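The chain contents come next:
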Amino acid sequence: MTADPFLAGFTLRDIDADGLRIRASVGGSGPPVLLLHGHPQTHATWHAVAPPLAERHSVVAMDLRGYGDSEKPEGAERHANYAKRAMAADAVAVMRRLGHDRFAVVGHDRGGRVAHRLALDHPEAVTRLAVLDIAPTATMYARTDKAFATAYFWWFFLIQPAPLPERLIAADPEFFLRSHVEGQSKTPGSPSPTLFAEYLRVYRDPATRHAICEDYRAAAGIDLEHDADDADRRIEAPLLALWGARGTVGRTYDVLETWREKARDVRGFALDCGHTLQEERPDLVLAALRDFLT
């Protein structure tokens, strides 16, 4: 174990998640909370939220498979290696290895989609669920129009058959990454240069870029099949939805209504920021999470 350079007071661990190596940052004590990042972030995205949250909770911030310093398996048939079901199973395995059979889950972006699947596949494990700046995947695809497809073009670019998006991004990974991040953040200076450099470090790895594409390919295929199978099920755990008032999701959807179609107990509100709430308004995210998790 080594000290986490981004999450003060946390230690980095490589955890065997039923045969797959997952990098996790662990800190604090109290009721357990799992933090799941999105694309193109790593667990470092929680740098301003996790340490103060750890004053009252046992906090685990993990890199999703394919992201950060977690293992990056090759894409499988039907992109099943990157199905949200597989990622959710990783999360449950990590938490159990750390001694947590029941825990709260907070997921931003792709991590929110993993958290959604986790709550459906492992309802006995989830005490509370918070999703940041997403509507349900199936809802977003079903209601796609020109405005959404233009704003979220990577949803349709990254799902193209390999190796087309992988090779095009490889021509200039920093330009693609910077354009993506700056297009979604509505807060000047977010992310910080140090944080962006960390995201770029892993984005330069071809295995990471392939994994990211597989994540999106799975979302447009096998994940939708799993969602269709569970269309009549509802999340039982209390759900908090937060979103950026200046982001695409907040402008495009009635976020609370989309989640009330999927869960029984839903509350939430918008924050004055863009897509990456935990980086743009960590103070408000922390306050909302403390209130919800208590």
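Residues numbered from 1 in each chain as written. Predicted model: local features only at pLDDT ≥ 70, side-chain atom pairs only at ≥ 80, totals over all residues. Heavy atoms only, no water.

- An unreviewed UniProt entry annotates the protein chain as Alpha/beta hydrolase originating from Methylorubrum rhodesianum.

### Quick look at the side chain of Asp-133
Part 1 of the argument: Among the structural elements, Asp-133 can be located in the loop between strand 7 (126-132) and helix 4 (137-142).
Part 2 of the argument: Within the buried set, Asp-133 has no salt-bridge partner at all; the shortest N-O distance to an opposite charge, 7.9 Å, is to Arg-113.
Part 3 of the argument: For Asp-133, the side chain forms a polar contact with the side chain of His-275, separated by 2.6 Å.
Part 4 of the argument: In this view, Asp-133 contacts His-108, Tyr-152, Leu-242, Trp-243, Gly-244, Val-249, Gly-274, His-275 and Leu-277; residues no more than four positions away in its chain are not counted. (Helix = DSSP H or I, 4+ residues; strand = E, 2+ residues; numbered from the N terminus. Buried < 20%, exposed > 50% of the residue type's maximum accessible area, 1.4 Å probe, protein only. Lys, Arg positive; Asp, Glu negative; His and termini not counted. Salt bridge = Lys/Arg side-chain N within 4 Å of Asp/Glu carboxyl O. Polar contact = N/O pair within 3.5 Å; in protein donor to acceptor, adjacent residues only side chain to side chain. Contact = heavy atoms within 4.5 Å.)

### Focus on the sheet that holds strand 7
Part 1 of the argument: Pairing within the open sheet is mixed, and its 9 strands lie in the order 1-2-3-5-4-6-7-8-9. With one partner strand each, in any of the chains shown, strand 1 (2-3) and strand 9 (266-271) form the two edges of the open sheet.
Part 2 of the argument: Pairing between strand 8 (residues 239-244) and strand 9: 6 bridges, direction parallel. Of the residues in strand 9, the one forming a bridge with Ala-241 is Gly-268.
Part 3 of the argument: Along the sheet face, helix 2 (residues 84-97) touches strand 2 (11-17), strand 3 (20-28), strand 4 (32-36), strand 5 (58-62) and strand 6 (103-108) and points at about 115° away from the line of strand 2.
Part 4 of the argument: Helix-sheet contacts for helix 3 (residues 110-121) involve strand 4, strand 6 and strand 7, and the interaxial angle to strand 6 is about 145°. (Pairing = 2+ DSSP bridges. Axes fitted to C-alpha atoms, helices over the stretch in contact; angles between N-to-C directions.)

### Some words on helix 9 (residues 193-203)
Part 1 of the argument: Here helix 9 has its buried residues at Leu-195, Phe-196, Glu-198, Tyr-199, Leu-200, Val-202 and Tyr-203.
Part 2 of the argument: The inward-facing, buried residues of helix 9 abut helix 7 (164-170), helix 8 (173-184), helix 10 (206-219) and helix 14 (277-280).

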